[in-house]
Number of protein chains: 2
Amino acid sequence: MTETITSQKKNVDIEVSLVLDKLKKALSGLERVVSGRSTLPILNNVLIRAQKDGVEISATDLEMGVKFFLGGKVETEGTITVPGKTLSNFVNNLHGDTVSFTSKGNILSLSSGGMNATINGMSADEFPVIPEVEGGKVVEMQTNLFKDLLSQVDFAASFEESRPILTGVYLVADEKTITLVATDSYRLSEVKGEGGLKESFSAVVPVRTLNEIKKVLGDAQKFELRVWENQIMVKTESVTVVSRIIEGEYPNYQQIIPTNSATKVELEVQDLIDTLKTASIFSVEESSSVKLVVSTDGIEVTSQSSQLGSFSSQLPAQVEGEGGEISFNAKYILDGLNSFTTPKCIFEFSGKGSPGVFKPSGVEGRLYIVMPLKS
Amino acid sequence: MTETITSQKKNVDIEVSLVLDKLKKALSGLERVVSGRSTLPILNNVLIRAQKDGVEISATDLEMGVKFFLGGKVETEGTITVPGKTLSNFVNNLHGDTVSFTSKGNILSLSSGGMNATINGMSADEFPVIPEVEGGKVVEMQTNLFKDLLSQVDFAASFEESRPILTGVYLVADEKTITLVATDSYRLSEVKGEGGLKESFSAVVPVRTLNEIKKVLGDAQKFELRVWENQIMVKTESVTVVSRIIEGEYPNYQQIIPTNSATKVELEVQDLIDTLKTASIFSVEESSSVKLVVSTDGIEVTSQSSQLGSFSSQLPAQVEGEGGEISFNAKYILDGLNSFTTPKCIFEFSGKGSPGVFKPSGVEGRLYIVMPLKS
């Protein structure tokens, strides 16, 4: 009798018990990679690999792969892949402390707190390999610094695949400084941080990959970043992200940064945000065009729509130089201002056709450039 | 000089100053009536009527009209209509205490805290009259009681216009009790409350109107409800809602309420909610079909999908009667259970083909009926 039970028990491919909270976090981290809408069914699956030292759960969309490492009590080692969405739907409904997984063939059985489920999976052989990068340049980055720098540029990258290079963020590092740049050709954001990276490298990384990295880093204080030919890898104790790098030369953006300006204005960031948001209500149909008129009195912000009506507001500002008027897409200025953390900002321009330059007051190494609209 | 200023000042149709917070609340209350997508342009507008004693702001979609009464300093009386969306977009961006409105012809000028706007309006003559009901039956209702009763039935009304009567909630009042009923023919919810209304009436009111009433009542403790031929009116000090009533006879739903049952089960509401939610993951493609198997041990809940996998869980329950199995759409049961506020509920049925009856344990006058699925 005992023998029968034992042999039944052994007659499985995987047998493992996992901490529910950790599993929930991992599945939520994989959610955006497993879209559930891939035409290649295996890409809607997650790979579960039970090894001696714990369980690895991973997903890939061929552009980017993410692997989580979970501790866990592994009785029998093995691998299986199951639809990520079904697995996370089930797991997210559980309330206990642990969940046990057993698999036989392509069927995964789960059990937790009186709830039992089977999920139909596929053979792990079909699952694409997520390559571990080994060579290349390796640096250690502080998570908070990376998140902070990224949030100052990511919004400026392009969504349009017509110029793939602009859908990435340009990372340039030397031993002292790391610079991040993004532009969609209508506006450009640049930020420099003190890296202390001990290596120099440059790479154009898909903004989607970087935002995914930002999300899965969790509370890890630092991470390892490795750049190697056409791939980038980010690694902490519990998660690894591998992604392709965008091929091609990043545009020589330095040449559009104005070296001097005819007019320089300093004003309150929040005032300008409130005013531009309100002004853009009246210019929805006119590509959110707002006009800034700079005089010794400050800045007048105006907008109008033949259909809806018109808007005007006078903002106090400290003005140096000749003044003048210039029109912008309000949304682009707002994106930049919303990434500033200082109470005041500087706005510089040199006439109607020149780009506008916005900087947080008193901060070095931060630049936001917006191309003007014809008014 | 003084004369010129005075005559300029008089040369307007409306001149009024409003408290910003109250205006924001009113515009947010009108938001769902002014869809902004009506093919009749005037219906995308709100009517602003400045009268001696304050300002009335109203909107209608021809089925339902809502009027807010705001205090305010009225200098010049008059009316104008302007697009509701543009007005609320502007007003929601303001931060001051008050906003001043002046109008001349069809142009409304607004000014608040340094921000100035004009909004292109239309003549108030074109705005449909929102009828004030005067005759009919009048009762006074407690807001909290009404909201509570409504939330126990509104979800069961139909969204399909093919049987208009089922898109309404059936209100039946006598001098002592008010009963609310809603059904989409797959499930039915009934609740009775102690009204003390001093009148008897019945009406089928569009669920959309009732939910709108629920939202605009705000913190008014009670309201006046008037039912008159084909209209219903709800009134507080600050808001009036007028709506058509759905014509036709409400189905004789009493006849489908089972008078006795072969099996009666009592169990924890939250346990059943958690289990049904999880079970329905595995029956998405099979109209959320879950099977309940009742035996002396309790209830076993199971579901399966040829594609995804299968689920089972055993719930403890107190069982009276013969037991048996029956299948339901899990979503329908969940809708009902989510409206229960007791820790336990009663579930009754009399075999596979009979409706299931759910009641919160220990509560009189509350009934939720779900039609079974063929399993």
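Only a predicted model underlies this, so the values are computations on that prediction, with no experimental measurement involved.

Section: the overall build of chain A
Thought 1: A count of helical and extended segments in chain A gives 7 helices and 26 strands.
Thought 2: Along the first, second and third principal axes, the C-alpha set of chain A runs to 95 × 50 × 35 Å.
Thought 3: Counting all 375 residues of chain A, 40% fall into the buried class.
Thought 4: In chain A, once contacts between residues fewer than 6 apart in sequence are set aside, the share between residues at least 24 apart is 66%.

Structural notes on the packing of helix 2 (residues 20–30) of chain B against helix 3 (residues 84–92) of chain B
All names here are of chain B.
Thought 1: In the contact formed by helix 2 and helix 3, the axes pass within 10 Å of each other and the chain directions differ by 145°. Crossing angle aside, the handedness with which helix 2 passes helix 3 is left-handed. Along its contact with helix 2, which presents L23, K24, L27 and L30, the element helix 3 presents G84, L87, S88, V91 and N92.
Thought 2: In the contact of helix 2 with helix 3, the residues fall into 5 nonpolar, 3 polar and 1 charged.

Things to note about unusual backbone geometry
Residue and element names in this part refer to chain A.
Thought 1: Phi at S185 takes a positive value of approximately 80°, unusual for a residue other than glycine.
Thought 2: Of note, S185 is situated in the loop between strand 12 (177–183) and strand 13 (187–194).
Thought 3: One non-glycine residue with positive phi stands out, namely S288, at about 50°.
Thought 4: Checked against the element boundaries, S288 lands in the loop between helix 6 (269–281) and strand 19 (289–295).
Thought 5: Among the residues examined, S288 registers 21 C-beta atoms within 10 Å and is labelled buried.

Some remarks on the interface of chain B and chain A
Thought 1: Each partner contributes residues to the interface: chain B has 25 residues there, and chain A has 25 residues.
Thought 2: When residues of the side of chain B that touches chain A are traced back to their parent elements, those giving at least two are helix 3, strand 9 (115–120), helix 6 (269–281) and strand 21 (309–315) of chain B.
Thought 3: In the side of chain B that touches chain A, the residues fall into 8 nonpolar, 15 polar and 2 charged.
Thought 4: Strand direction decides the pairing type here: strand 21 (residues 309–315) of chain A and strand 9 of chain B, joined by 5 bridges, are antiparallel. Bridge pairing in strand 9 of chain B links G309 of chain A to I119 of chain B.

As for the sheet that holds strand 4 (residues 64–70) of chain A
All names here are of chain A.
Thought 1: Read across the sheet, 8 strands follow the order 6-2-3-4-17-16-15-10 without closing on themselves; strand pairing throughout is antiparallel. Pairing within the sheet leaves two strands with one partner each, and these edge strands are strand 6 (78–83) and strand 10 (137–142). The sheet shows a mean angle of 15° between the axes of neighbouring strands, direction not considered.
Thought 2: The pairing of strand 4 with strand 17 (residues 239–244) spans 5 bridges and is antiparallel. From the neighbouring strand, M64 faces strand 17, where its bridge partner is S243.
Thought 3: Helix-sheet contacts for helix 4 (residues 143–151) involve strand 10 and strand 15 (222–228), and the interaxial angle to strand 10 is about 90°.

A short note on the environment of L40 of chain A
Residue and element names in this part refer to chain A.
Thought 1: Its place among the elements puts L40 in the loop between helix 2 (20–30) and strand 2 (45–51).
Thought 2: On the neighbour-count criterion, L40 (11 C-beta atoms within 10 Å) is exposed.
Thought 3: Residues L40 and N144 lie 104 residues apart in sequence; the distance between their C-alpha atoms is 36 Å.

A few points about the domain arrangement of chain A
Thought 1: Each domain of chain A was delimited in the assignment, giving domain 1 (2–126), domain 2 (137–253) and domain 3 (257–370).
Thought 2: Centre-to-centre separation of domain 1 of chain A and domain 3 of chain A, based on C-alpha positions: 52 Å.

Structural notes on the sheet that holds strand 23 (residues 324–329) of chain A
Think of a sheet as strands paired side by side through backbone hydrogen bonds, with each pair either parallel or antiparallel.
Thought 1: Reading across from one edge, 23(A)-19(A)-20(A)-21(A)-9(B)-8(B)-7(B)-1(B)-5(B) is the order of the 9 strands in this open sheet, with antiparallel pairing throughout. With partners counted over all chains shown, the strands left at the sheet margins are strand 23 of chain A together with strand 5 (73–76) of chain B, one partner each. If you compare each strand with its neighbour and ignore which way they point, the axes differ by 15° on average.
Thought 2: Of the pairings in the sheet, the one linking strand 1 (residues 14–19) of chain B to strand 5 of chain B comprises 3 bridges and is antiparallel in character. Bridging across to strand 5 of chain B, V16 of chain B finds its partner in V74 of chain B.
Thought 3: Running at roughly 85° to strand 23 of chain A, helix 7 (residues 330–338) of chain A makes contact with strand 19 and strand 23 of chain A of the sheet.
Thought 4: Against the sheet, helix 2 of chain B makes contact with strand 1, strand 7 (98–104) and strand 8 (107–112) of chain B, and its axis sits at roughly 95° relative to strand 1 of chain B, the strand it touches most.

Re the relation of the copies chain B and chain A
Thought 1: With an axial shift of 0.0 Å and an RMSD of 0.0 Å, the rotation relating chain B to chain A amounts to 180°. In symmetry terms, the pair is related by a two-fold rotation axis. For chain B, the residue whose C-alpha comes nearest the rotation axis is R37 of chain B, separated from it by 16 Å.
Thought 2: Most of the interface of chain B is mirrored in chain A: 100% of its interface residues are interface residues there too.

Brief notes about the pairing of strand 9 of chain B
Residues and elements named next belong to chain B.
Thought 1: Both strand 8 and strand 9 contribute to a ladder of 6 bridges, which runs antiparallel. Bridge assignment links S109 to a residue of strand 9, and that residue is T118.
Thought 2: Connecting strand 8 to the antiparallel partner strand 9 that follows it, the hairpin turn spans 2 residues, and G113 within it adopts a positive phi of roughly 50°.

Parameters and conventions
- Numbering of residues begins from 1 in every chain and follows the order in which that chain's sequence is written.
- Each chain is given a letter, starting from A, and each ligand a number, starting from 1, according to the order in which they appear as written.
- Per-residue local features are limited, in this predicted model, to residues with pLDDT of at least 70; the limit for side-chain atom pairs, both in listing and counting, is 80 or more; totals at the level of whole chains, interfaces and linings are taken over all residues.
- For the purposes of this entry, the term helix denotes a DSSP run of H or I that reaches at least four residues, the term strand denotes a run of E that reaches at least two, and both are numbered from the N terminus.
- With C-beta atoms placed from the backbone, the exposure class of a residue follows from how many other C-beta atoms lie within 10 Å of its own: 20 or more, buried; 12 or fewer, exposed; in between, partly exposed.
- Placing a C-beta atom from the backbone of each residue, one calls two residues in contact when those atoms lie within 7 Å.
- As a rule, the C-alpha atoms of each element are fitted with a line to give its axis, helices using only the stretch in contact, and angles between N-to-C directions run from 0 to 180 degrees.
- Should the near helix be turned anticlockwise from the far one by less than a right angle, the crossing is termed left-handed; should it be turned clockwise, right-handed.
- All residues other than Ala, Val, Leu, Ile, Met, Phe, Trp, Tyr, Cys, Pro, Asp, Glu, Lys and Arg, Gly among them, are scored as polar; the first ten of these are nonpolar and the last four charged.
- Note: two strands are recorded as paired if DSSP finds a minimum of 2 bridges between them.
- Throughout, the edges of the domains are those of an automatic or database domain assignment.
- We superpose the copies by least squares over the C-alpha atoms of residues that have a pLDDT of at least 70 in both of them.

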